[in-house]
Amino acid sequence: MPIFSGSWTSRQQMQAIAAGTWTAPPGEPTSVTASVVSSTSVSVSFTAPSYTGNPAGVTGYTVTSSPGGLTATGASSPLTVSGLTTGTAYTFTVIATGAGGTSAASAAS
């Protein structure tokens, strides 16, 4: 992979991305929903990002709970987060990871 330096215009960056020569992270996953599996775990479903990054696309996903910062990782939706505390309200965010880096976090479930 070539190393780029200096200032690039937006047009040059888009051309390099399209040509596969510009490293870019994937977009964020969308439509995050959580479904109860047991009193201490949930299944988190999401839609893969429309832009999968460059090069090589998405290589994995990470779901993170709030509160607690509990995580689950995997190659596709859904992912199961375990170790939750009964009676605690949680939200979940998802990030996509690829060779070009890590996406922004999704909107919370």
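Residues numbered from 1 in each chain as written. Predicted model: local features only at pLDDT ≥ 70, side-chain atom pairs only at ≥ 80, totals over all residues. Heavy atoms only, no water.

Trainee: Can you help me understand the side chain of Ser65 in this one?
Mentor: Structurally, Ser65 can be placed in strand β3 (residues 58–66). Residues within four places of Ser65 in sequence aside, it is in contact with Leu70, Leu84, Tyr90, Thr91 and Phe92. (Helix = DSSP H or I, 4+ residues; strand = E, 2+ residues; numbered from the N terminus. Contact = heavy atoms within 4.5 Å.)

Trainee: What is the right way to read the packing of aromatic side chains from this model?
Mentor: Two descriptors summarise a pair of aromatic rings, namely the distance from one centre to the other and the angle between the planes of the rings. Following the criterion strictly, the structure yields 2 aromatic pairs and no others. Between the aromatic rings of Phe46 and Tyr61, the centroid separation amounts to 4.8 Å while the plane-to-plane angle is 50 degrees, which identifies the pairing as tilted. Residue Phe46 is located in strand β2 (residues 41–47), and its partner Tyr61 is located in strand β3; the two are separated by 15 residues in the primary sequence. When the centroid spacing of 6.2 Å and the interplanar angle of 25 degrees are considered together, the rings of Tyr90 and Phe92 count as stacked. (Phe/Tyr/Trp six-rings, centres within 6.5 Å; stacked < 30°, edge-to-face > 60°.)

Trainee: Explain the environment of Arg11 here, please?
Mentor: Tracing the backbone through its elements, the reader meets Arg11 in helix α1 (residues 10–19). Taking relative accessible area as the criterion, Arg11 reaches 64% and is therefore assigned exposed. In this structure, the C-alpha to C-alpha distance between Arg11 and Val44, residues 33 residues apart in sequence, is 37 Å. (Buried < 20%, exposed > 50% of the residue type's maximum accessible area, 1.4 Å probe, protein only.)

Trainee: What should I look at first to understand unusual backbone geometry in this one?
Mentor: Backbone geometry follows two general trends: most residues other than glycine have a negative phi, and most peptide bonds adopt the trans configuration. In this model, Ser66 is joined to Pro67 through a cis peptide bond whose omega is 5 degrees. Position of Pro67 relative to the elements: it lies in the loop between β3 and β4 (71–74). Along the chain, Ser77 connects to Pro78 via a cis peptide bond; the corresponding omega equals -5 degrees. Within the secondary structure, Pro78 is located in the loop between β4 and β5 (79–82). The residue Ser31 is not glycine, and still its phi comes out positive at about 55 degrees. Mapping Ser31 onto the fold places it in strand β1 (residues 30–38).

Function cannot be read off these values alone, since they describe shape.
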